[in-house]
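Okay, here's what each chain looks like letter by letter:
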Amino acid sequence: MADGDRAVANFLFEAGTLKLHKRTGWWIAGVKDPESVAEHSWRAALLASIIAELEGADPAKAALLSVWHDTGETRTGDLAHISQKYVGKGDTERIAADQSQGMPAGLGALMRSIIGEYEARETPEAICAGDADKLECLIQALEYQDQGHKNVDRWIVNSQKRIRTESARRLAEELLKTGTLTWLREAMGESK
């Protein structure tokens, strides 16, 4: 076995637990079986690439930042904002350092760099990835609202307030006007 392969294998199994970690804030809104962190991260990465392209940033880099943005939640779980008020959100850079311990040097450095850049929110790609995180939350809230969950308004409003890029603001406005199944009606050629 090459040096670091065990650490990489362990991390891959650890990252897989994000498919089981639920996004806990939705429980407060009455959603009994909310999306997983992995489900959130997938659409956030897709959104990051879209926002980055619209903003003239690097879509692949924004998606990469977004894919990795919640990997620390394997160690902390997903903490709702009310929980973070009291215990913080966790030291994501320390978690990345622990998670990458024993990995090949270049891979560990890359992992720490990705997490650090995302958390700093200084590069155009990190700003786009951060907006994607907020916009994904807004979309999920709209979907839960359509499923009958009435207590998701604060997620919609707060997500929209935290968006920084013009492209993500425009997308949020369009999402608020568009029904969650409009895509299906239009794809099937049905009238509104």
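Preceding block: the structure.
Since the model is a prediction, treat every value here as computed from it, not as a measurement.

Visitor: Sorry if this is basic, but what is going on with the layout of surface pockets here?
Guide: Space left empty within the atom packing is revealed by a probe, the size of a water molecule, rolled over the atoms. The volume enclosed by the largest pocket comes to roughly 760 Å³. Lining the largest pocket are 36 residues; nearest its centre among them are Arg-23, Asp-78, Leu-79, His-81 and Gln-84. Split into classes, the residues belonging to the lining of the largest pocket amount to 11 nonpolar, 14 polar and 11 charged. Counted as a void, the second largest pocket has a volume near 220 Å³.

Visitor: Before we go on, may I ask you to explain the nonpolar core in this structure?
Guide: A general tendency of soluble globular proteins is for nonpolar side chains to be buried together. Ranked by size, the top nonpolar core spans 36 residues in total, and within it Trp-26, Leu-135 and Val-152 carry the most contacts. When residues of this core are traced back to their parent elements, those giving at least two are helix H1 (5-16), helix H3 (37-55), helix H4 (59-68), helix H8 (105-120), helix H9 (124-146), helix H10 (153-161) and helix H11 (166-177). The element best represented in this core is H9, accounting for 11 residues. With sequence-adjacent residues up to four places away left out, Val-152 is seen in contact with Trp-26, Ala-29, Ala-141, Tyr-144 and Gln-145.

Visitor: What is the right way to read the packing of H4 against H8 from this model?
Guide: Packed helices, taken two at a time, are described by their axes: the angle between them and the distance between them. Two elements in contact, H4 and H8, have axes separated by 9 Å at closest approach and are oriented at 95 degrees. Taken together, the axes of H4 and H8 lie roughly perpendicular to each other. Seen from H4, the contacting residues are Lys-61, Leu-64, Leu-65 and Trp-68; seen from H8, they are Met-111, Ile-114, Ile-115, Glu-117 and Tyr-118. The residue inventory of the contact of H4 with H8, partitioned by class, reads seven nonpolar, no polar and two charged.

Visitor: Quick question: what am I supposed to make of the packing of aromatic side chains here?
Guide: The relative placement of two aromatic rings is captured by the distance of their centres and the angle of their planes. Scanning the entire structure with this criterion turns up three aromatic pairs. Ring centres of Phe-11 and Trp-68 lie 5.6 Å apart, and the angle between their planes is 5 degrees; this geometry places the pair in the stacked category. In this pair, Phe-11 is assigned in helix H1 and Trp-68 in helix H4, connecting sequence segments 57 residues apart. The structure contains a cluster of three or more aromatic residues connected by ring pairs, namely Trp-26, Tyr-144 and Trp-155. If you follow Arg-121 out to its NZ or CZ, it ends over the ring of Tyr-118, 4.0 Å from the centre. One cation-aromatic arrangement involves Arg-154 over Trp-155; the distance from NZ or CZ to the ring centre is 5.3 Å.

Visitor: Is there a simple way to explain the environment of Ala-132 in this structure?
Guide: Along the chain, Ala-132 turns up in helix H9. Under the relative-accessibility criterion, Ala-132 is labelled buried at 0%. For the pair Ala-132 and Gly-106, spaced 26 residues apart in the sequence, the C-alpha separation amounts to 27 Å. Among residues more than four places away in sequence, those in contact with Ala-132 are Ala-44, Leu-47, Ala-48 and Ile-51.

Visitor: Is there a simple way to explain H10 in this structure?
Guide: Note: α-helices contain 3.6 residues per turn, so residues at a spacing of three or four share the same orientation. When we look at burial in H10, the residues that qualify are Trp-155, Ile-156, Asn-158 and Ser-159. Tucked inside the fold, the buried residues of H10 contact helix H2 (25-28), H9 and H11.

Visitor: For this particular structure, what's the right way to read a nonpolar patch on the surface?
Guide: Residues Ile-28, Ile-82, Tyr-86 and Val-87 make up a contiguous nonpolar surface patch of about 470 Å² in total accessible area. Per-element accounting of the nonpolar patch gives the leading share, three residues, to helix H6 (residues 81-87). With respect to the helices and strands, Ile-82 occurs in helix H6.

Rules and cut-offs
Residues numbered from 1 in each chain as written. Predicted model: local features only at pLDDT ≥ 70, side-chain atom pairs only at ≥ 80, totals over all residues. Heavy atoms only, no water. 1 Å grid on protein atoms, 1.4 Å probe; cavity = no way out; pocket = protein on both sides within 12 Å on 5 of 7 lines; lining within 4 Å. Points joined across faces, edges and corners; volume = space filled by probe spheres on them. Nonpolar A, V, L, I, M, F, W, Y, C, P; charged D, E, K, R; others polar. Core = buried A, V, L, I, M, F, W, Y, C linked by side-chain atoms within 4.5 Å. Buried < 20%, exposed > 50% of the residue type's maximum accessible area, 1.4 Å probe, protein only. Helix = DSSP H or I, 4+ residues; strand = E, 2+ residues; numbered from the N terminus. Contact = heavy atoms within 4.5 Å. Axes fitted to C-alpha atoms, helices over the stretch in contact; angles between N-to-C directions. Parallel < 35°, antiparallel > 145°, perpendicular 65-115°, else oblique. Phe/Tyr/Trp six-rings, centres within 6.5 Å; stacked < 30°, edge-to-face > 60°. Lys NZ or Arg CZ within 6 Å of the ring centre and 35° of its normal. Patch = residues over 30% accessible without salt bridge, like charges linked within 9 Å, V, L, I, M, F, W, Y side chains within 5 Å. Areas by Shrake-Rupley, 256 points an atom, 1.4 Å probe, with all protein chains shown as cover. Salt bridge = Lys/Arg side-chain N within 4 Å of Asp/Glu carboxyl O.

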